Amino acid sequence: MLASEIISKIPASYESGIESGSLFYFPSTVNIHSELGVDFELRLCPALQKKPKLPTPHFDDSAMSEPLGSFDPFAPPHDPGLLVGELTSEEISGQYVVLMNKFSVVPRHFLLITKEYQSQTSPLMPDDLLQAYALLVAGKKAGKHMFAFYNCGDLSGASQPHKHLQFIEVEDEGPPIEVLARSISLPSPGKPFSIERLPWANHVFRFPSNLRSSPIDQREYILADAFISLLDLVISTIRHDPSYPAGLPSYNVILTLEHMHLIPRRFENHTLESTGDDLSVNSMGFAGMLLVKSERELEAVKTEGLGKILRSVALQSVHDIQVAGVTKDIDGEPTSML
C-alpha cells in the first residue's frame with residue numbers, strides 16, 4: 001500500500017480494532033499549562049492506572065540483531081484487528097508494516113514498524129525518514145495534521161525493542177513545541193539551531209518550504225542530512241556530560257512537515273517531588289504533550305513545572321560551545337544556531 005492508501009485506511013482500522021477488542025482506547029481530558037512560551041497539553045487519563053505496566057526494555061549488543069526476550073508484538077503474524085497494511089513504494093527499498101497502537105489515549109494513533117527486526121537503539125535510516133515523511137505529507141493532503149516521533153534507546157521512554165515510529169493526529173499544524181520552533185528567525189537557513197529559552201539541550205532543523213513537493217532523491221538528501229547533523233550534536237552534547245552512562249546514546253526524535261527535533265536523554269523517569277511517583281517521559285513530553293494518570297499527578301506536574309521536569313530527564317545545553325552564530329526569536333530572546 002502507498003502512504004496515501006495507508007492514511008485513508010486509518011479511521012476504519014481504528015474503529016474495527018476497537019470493535020474486535022484488539023485495540024483499547026482510554027478516554028482522556030486535556031489541560032493547557034502555559035510555560036516557556038509553550039501551551040503544554042497535559043492529558044489526564046485515569047483509566048491508565050489499570051493498564052498493565054510493561055517492563056522497560058533494556059538493550060545490549062545482541063538487541064541489534066534480535067529482540068531480547070521470547071515475544072515481539074511487532075513480529076508476524078500480526079493481529080488482524082491492528083494491522084493497517086504493508087507500506088510500499090517503488091522508490092523506497094525499506095519494507096514496513098503499519099499497525100494501530102494497541103493502547104491508545106489519542107484516537108487513531110498508529111505505528112510504522114520495520115518489517116524485519118531492527119533495534120530501537122538504531123538511528124533512523126534514510127528509508128525510515130522518507131516513509132515517515134511520506135505519511136505526514138499524505139496526512140496533510142487528506143486534511144489531517146500529524147506528527148511522528150521516535151523514542152531511541154532505553155532512557156528515551158521506549159516501550160518495545162523492535163524499531164518503530166509513532167504517529168499522532170493533532171488539531172493544529174503540529175504539536176505545541178512547533179509554535180515555538182516556528183517563531184525562530186533564521187538568517188542562514190539549512191543549519192541546525194537550538195531554542196535557547198528551553199532549559200534542556202535541544203537541536204532542531206527547519207526544512208525548506210518546498211520539501212513536501214520535492215523529488216524523492218532531493219527529499220532523501222535533506223532528511224538524511226538533517227538527521228545526521230542533529231545526531232552529531234546529540235552525541236557531542238552527551239560527550240560533555242562526564243556522568244552519562246556507558247552504552248548506546250538515548251534520544252527523542254520529533255518529526256513534522258516543517259522541522260526535525262532531536263533531544264538527548266539522560267533518564268527515562270522523573271520523580272515528582274510532592275508525591276514521590278515516577279513520571280515516565282518520552283518524545284511526547286518534549287513535543288509539549290505530557291500524559292498524567294491522576295488529578296494528584298496533574299497538580300504535582302503543574303506545581304513543579306514542565307521546564308524543571310523535562311530538564312531533569314534531559315541534558316544541559318552546551319550549544320554555546322557548539323554554535324557558529326546567534327539569532328533571535330520573534331520575542332527577542334537569544335537562540336543559538338550552527
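Preceding this paragraph is the structure being described.
Keep in mind that what you see is a predicted model, and the values were worked out from it rather than measured. (Residues numbered from 1 in each chain as written. Predicted model: local features only at pLDDT ≥ 70, side-chain atom pairs only at ≥ 80, totals over all residues. Heavy atoms only, no water.)

This paragraph deals with the sheet that holds strand β5 (residues 92-100). As summarised here, the arrangement of the eight strands in space is β4-β5-β7-β9-β8-β11-β12-β10, forming an open sheet in which the pairing is antiparallel. A single partner strand is all that each edge strand has here, and the edge strands are β4 (83-89) and β10 (203-206). Geometrically, the sheet is characterised by an average inter-axis angle of 20 degrees between neighbouring strands, direction not taken into account. Judged from the five bridges that link them, strand β8 (residues 145-152) and strand β9 (residues 164-170) form a sheet pairing that is antiparallel. By the bridge assignment for β9, H145 is matched with V170. Contacting β4, β5, β7 (110-114), β8, β9, β11 (251-255) and β12 (259-264), helix α2 (residues 126-141) runs over the sheet at an angle of about 55 degrees to β5. (Pairing = 2+ DSSP bridges. Helix = DSSP H or I, 4+ residues; strand = E, 2+ residues; numbered from the N terminus. Axes fitted to C-alpha atoms, helices over the stretch in contact; angles between N-to-C directions. Contact = heavy atoms within 4.5 Å.)

Once that is clear, we can look at the nonpolar core. The biggest cluster of nonpolar side chains holds 52 residues, and the ones touching the most others in it are F207 and M260. Here this core gets nine residues from one element, more than from any other, and that element is α2. Those residues in contact with M260, other than ones at most four positions away along the chain, are L129, H203, V204, F205, F207, L223, A226, F227, L230, V253, I254 and L255. Counting 38 residues, the second-largest nonpolar core is a separate cluster that includes W200, F286, L298 and L306. (Core = buried A, V, L, I, M, F, W, Y, C linked by side-chain atoms within 4.5 Å. Buried < 20%, exposed > 50% of the residue type's maximum accessible area, 1.4 Å probe, protein only.)

Here the focus is the packing of α2 against helix α4 (residues 216-239). Two numbers describe how α2 lies on α4: the axes approach to 9 Å, and their chain directions differ by 115 degrees. Between α2 and α4, the interaxial angle falls into the category roughly perpendicular. In terms of crossing hand, the pair formed by α2 and α4 is right-handed. Contact with α2, carried on its side by P126, L129, L130, Y133, A134 and V137, involves I216, R219, E220, L223, A224 and F227 of α4 and no other residues of that element. (Parallel < 35°, antiparallel > 145°, perpendicular 65-115°, else oblique. Left-handed = near helix turned anticlockwise from the far one by under 90°.)

A few words on the pattern of salt bridges. Overall, the coordinates contain eight salt bridges when judged by the stated rule. Here E273 makes a salt bridge to K308, at a shortest N to O gap of 2.4 Å. Pair noted here: E273 is in the loop between β13 (269-271) and β14 (278-280) and K308 is in helix α7 (residues 306-313), with a separation of 35 residues, a long-range link. Among the residues examined, E273 registers a relative accessible area of 57% and is labelled exposed. Relative accessible area serves as the criterion here: at 42%, K308 is assigned to the partly exposed category. (Salt bridge = Lys/Arg side-chain N within 4 Å of Asp/Glu carboxyl O.)

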